[in-house]
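Descriptive analysis of the structure
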Amino acid sequence: MDKARQNNARNLYFSEKVTQAMSGILHHPFTIVEAPMGYGKTTAVREYLNKNAAHVFWQIVYDNSPHSFWKEFSRLFAKLNKRSSQRLRQVSLADDSVFMNEALRIFEETKLSAQTVIVIDDYHLIASTAVNRFMEAMAKSSIINLHVVLIARFTDMKNREELTLKGFLHHITQKTFELLPKDIVEYYRVCGIRMKDCEADKLYALTEGWISALYLLLLEYIAGGGYSPEKSIYMLVEKAIYTPLSAEMKEFFLTLCIFDSFTREQAVYMWEKENTVELLTEITNKNAFVKYDGGSKTYNVHNIFTSFLKEMLDRKDVCRKNELYQKAARWFRQTGDYFAARRCFYECSDFDSILVTLEEEKSNDFTAVNKETLKKYLEECPREIKARHHYALLVYVMHLYVHHESVLFYKLCREFSENLEMDNRLNPEQRNRLLGELEVLLGFAEFNDLKKTAARYRKAWELLNQPATLYDAENWTFGSPSVLTLYYRESGKLAEHINDLKEVLPHYYRLTNGHGSGAEYAMEAEAHFNQGDFENAEILAHKALLKAQAGMDESIVFSAQYLKILIAFMQGDLSRVMETMRQMRAGMSRGREYDFVHVVEICEGCIYVYLDQKDKIPEKLLTDDIGNIRLRFPAFPFFHVMYGRLLLIQGEYLKLIGSAEHFIRVASVFQNQLGYVYTYIYLAAACYKIYREDEALANLKKAMYIAMPDRQFMLFAENCDYIEPLLRKIAAEGNYREEIREIIKLYHQFRKSKERMIQEYFVEKTPKLTKRELEIAQLAAAGLTNKEIGARLFTSENTIKTQLKSVFEKLDVPSRALLKMRLIELTENNVISPGG
């Protein structure tokens, strides 16, 4: 191996395989560049795109937080469309069809006029099925002018082969980047080193074509005229990269090595000397292990070098390491990135500061990732430190409440009370404020036991005498459009429950600045509707709507609109039903209610199952994995109302009977009486359909025993198409005669409205073609031209053209190809006969 006159290790070399593979990026909607660390993936993609793509947007993944990834991904999208970026941030990342549909819809609505490439580097750090599914869905959608490139050490895409076969995915693997002996010869020649084939063979055997190792050996050879293949890569890094650095530059790198990448502002903050910019310029100009990304304005250090520096820092000075993490944590805290701040404080075991950031942030990030990291930190935090941070403990308890970690919730509440009792530093006012905040949380935990909840809120107000500071209002109905389903917990006490809610809400309003406004009217309206009193139901629904709008509680607005939908249904006014649904969806898009987007979907599903239109149920609700539905737990009994009826109209009676135990178990957690009633009604209907009449009657009697004391008739009237014979048998036995008479009366009104809407909107009108028009249509569908049809029917070509135009208008088709499909469809449905 000989040196040429000029040598430069910074020269770039790309083999023919790499160049050819990169050219496929702009010919596919989706590209995965997958190879282990140090194979030059990022460099190859960057250089190719710099020369070929019009618009390139680059995102680097820094940790395994899907939440952080989505936040940065949404920010990146702002460069394309600020409004779309804001909407993307509101769509919380989740592994469900709601997230997929909403996010893709936002992408598809953003028109791209030029070739646009989004690159996500170090994608392997995201171990998230939700992100993987989104990437696959985006690939399949083939958005015009959009190309997505994932650069990763490895990926876990389940449908990778399918995407490749269908032409959506361009997969570039490690094999592409491995330098063969002939490539090594050429690579070293480009960098100024002449190499014999036998030497290249030895290097290939040593490195297996790994370009980072070849690069390090190249540096060592340029520096000393030889290389030591028996040494580890770290030894090479130290000798070839680290040792030649000045003492100041070594310290500069060690200061910043706790970041995988950093901004100029971070570097200035961490280094605290006036020459920061000069040092940054020097390392990017002279060190191939540091790259500056002009798009994100970050300095990215190669993983090999970063790992080496962190090991050096560990060996050098643990105190220095802790000091750097402290400093980095303060940076993140000042910039409002509390999640990253806590992570750095954790690295130096500063639990006091972790809890201080929790107090400062309060309850603004309820993601599962944040809850899990808090859980880890608080479990490791010494008891005596937690005892000094009462408010932080309350914030953590709030996270446990939101995620329904009941056992840990009450354990931490007890620990909080014990800490408070032992803390002699607190004055009476401070103690009362903390106890008041705790009472608010305990009131939340009582949920639909309204008397207990009211007692908690009264006590909280006595202690606080002002709104709680801890609570950042969440969706009041937990994603259920039915307030009655949530708070009706004892048979025969519905009126009492409504009064209890009226009593508790004023205490709740003043603690939460009006959250839940109008809920009492919504619950009362629903009770009247179920009793068949539609007039008072509509009056109360309007009251609920106005009060909710004044209090800016979108969840109660949805509940009031749901009541208006039910009333419009009973009037047979499907156009008003759909218009109200449109208003609900618009409200969902305007607000920050994406976590509860199924409110609208479930309402829509309820309408279609009552109309027996199973094919129109939103696809995202047609799932065997009910746990994938994005709702808070208390809303599931109402979801089962829609889902149970769906199983009925699909004829899945055995599946419904098998699901009933689960439905009952879910309803029993908060004693949701309507959940019980609907389940027993559905059980009765399913058993009757499979000729188990005795079981059917027994289940229907259970439903009536619960519902009749409160005259909840509509639950039965909605399902009389399945249970009317059973109701008549019960009446014939002398039970619930008056109530069943009311139910059947309501059923007749329900059925009349239902049949009118089906006839008007869902029964396909038979196209009225004349005999001659049908004959012409069939000949045209068979491929004959106008001239050929005219010759066969002994008429002019212009006449055929005029009559064919009439056929297109009557059948609502724009072309002959679609005409053929339409005739086949009409024939299969017996609207026309095959022979005309």
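Because the structure is predicted, anything quoted here is derived from the model rather than measured. (Residues numbered from 1 in each chain as written. Predicted model: local features only at pLDDT ≥ 70, side-chain atom pairs only at ≥ 80, totals over all residues. Heavy atoms only, no water.)

1. Side note on the overall build of the chain
The number of helices and strands found in the chain is 43 helices and 10 strands. In the chain, buried positions account for 54% of the 836 residues. Restricting to contacts in the chain with at least 6 residues of sequence separation, those with at least 24 account for 69%. Put simply, the chain shows about 37,900 Å² of open surface, and 49% of that area lies on carbon and sulfur atoms. Counting 109 positive and 112 negative side-chain charges, the chain places the centres of these two groups 3 Å from one another. (Helix = DSSP H or I, 4+ residues; strand = E, 2+ residues; numbered from the N terminus. Buried < 20%, exposed > 50% of the residue type's maximum accessible area, 1.4 Å probe, protein only. Contact = heavy atoms within 4.5 Å. Areas by Shrake-Rupley, 256 points an atom, 1.4 Å probe, with all protein chains shown as cover. Lys, Arg positive; Asp, Glu negative; His and termini not counted. Charge placed at Lys NZ, Arg CZ, Asp CG, Glu CD.)

2. Let's talk about the packing of helix α25 (residues 450–464) against helix α27 (residues 494–512)
It is at 9 Å that the axes of α25 and α27 come closest, and there the two elements cross at 25°. Considered as vectors, α25 and α27 are oriented roughly parallel to each other. Judged by the sense of rotation from one axis to the other, the crossing of α25 with α27 is left-handed. Seen from α25, the contacting residues are L450, K451, T453, A454, Y457, R458, A460, W461 and L464; seen from α27, they are E496, H497, D500, L501, E503, V504, H507, Y508, R510 and L511. Among the residues making up the contact of α25 with α27, the classes are represented as 10 nonpolar, 3 polar and 6 charged. (Axes fitted to C-alpha atoms, helices over the stretch in contact; angles between N-to-C directions. Parallel < 35°, antiparallel > 145°, perpendicular 65-115°, else oblique. Left-handed = near helix turned anticlockwise from the far one by under 90°. Nonpolar A, V, L, I, M, F, W, Y, C, P; charged D, E, K, R; others polar.)

3. A short note on the sheet that holds strand β2 (residues 30–34)
The 5 strands lie next to each other as β3-β4-β5-β2-β6, forming an open sheet whose pairing is parallel. The open sheet is flanked by β3 (55–60) and β6 (169–172), the only strands paired with a single partner. On average, each strand axis in the sheet is inclined to that of its neighbour by 15°, with strand direction left out of account. Here β3 runs beside strand β4 (residues 116–121); their pairing, made up of 6 bridges, is parallel. Within the sheet, the bridge partner assigned to I60 lies in β4 and is D121. This element, helix α3 (residues 66–77), spans β3 and β4 of the sheet and lies at about 160° to β3. (Pairing = 2+ DSSP bridges.)

4. Structural notes on the confidence of the model for the chain
Looking at the chain, the pLDDT average stands at 85 and 91% of residues meet or exceed 70. Looking at the elements of the chain, mean pLDDT is at its lowest for strand β1 (residues 2–3), recorded as 56, and at its highest for helix α36 (residues 693–707), recorded as 97. (pLDDT = per-residue confidence, 0-100.)

5. Some points on the nonpolar core
One finds Y187, Y188 and F716 to be the most contacted residues of the largest nonpolar core, which totals 212 residues. The residues contacting F716, other than those within four sequence positions of it, are V677, I681, L700, A703, M704, A707, M708, I723 and I743. Core analysis: the second largest hydrophobic core is formed by 38 residues, V61, W70, M100 and F168 among them. (Core = buried A, V, L, I, M, F, W, Y, C linked by side-chain atoms within 4.5 Å.)

6. As for the sheet that holds strand β9 (residues 290–293)
Two strands in a sheet stick together by hydrogen bonds in their backbones, pointing the same way (parallel) or opposite ways (antiparallel). Ordered by their spatial adjacency, 3 strands build an open sheet running β8-β10-β9, and the pairing between neighbours is antiparallel. In the strand order of this sheet, the two ends are held by β8 (261–262) and β9, each with one partner. Inspection of the sheet shows β9 paired to strand β10 (residues 298–301) by 4 bridges, in the antiparallel sense. Bridge pairing in β10 links D293 to T298.

7. Here we look at the packing of aromatic side chains
This structure, assessed with the given rule, holds 31 aromatic pairs. Seen from their ring centres, F569 and Y610 are 6.3 Å apart, and the 70° between their planes marks the pair as edge-to-face. In this pair, F569 sits in helix α30 (residues 554–570) while Y610 sits in helix α32 (residues 598–610), placing the two residues 41 residues apart along the sequence. Each of the two residues, F569 as well as Y610, counts as buried. (Phe/Tyr/Trp six-rings, centres within 6.5 Å; stacked < 30°, edge-to-face > 60°.)

8. Re the environment of L408
Within the secondary structure layout, L408 lies in helix α23 (residues 406–422). For L408, a relative accessible area of 18% corresponds to the buried category. Separated by 33 residues in the primary sequence, L408 and K375 place their C-alpha atoms 9.9 Å from one another. Setting aside chain neighbours within four positions, we find L408 in contact with K375, Y396 and L400.

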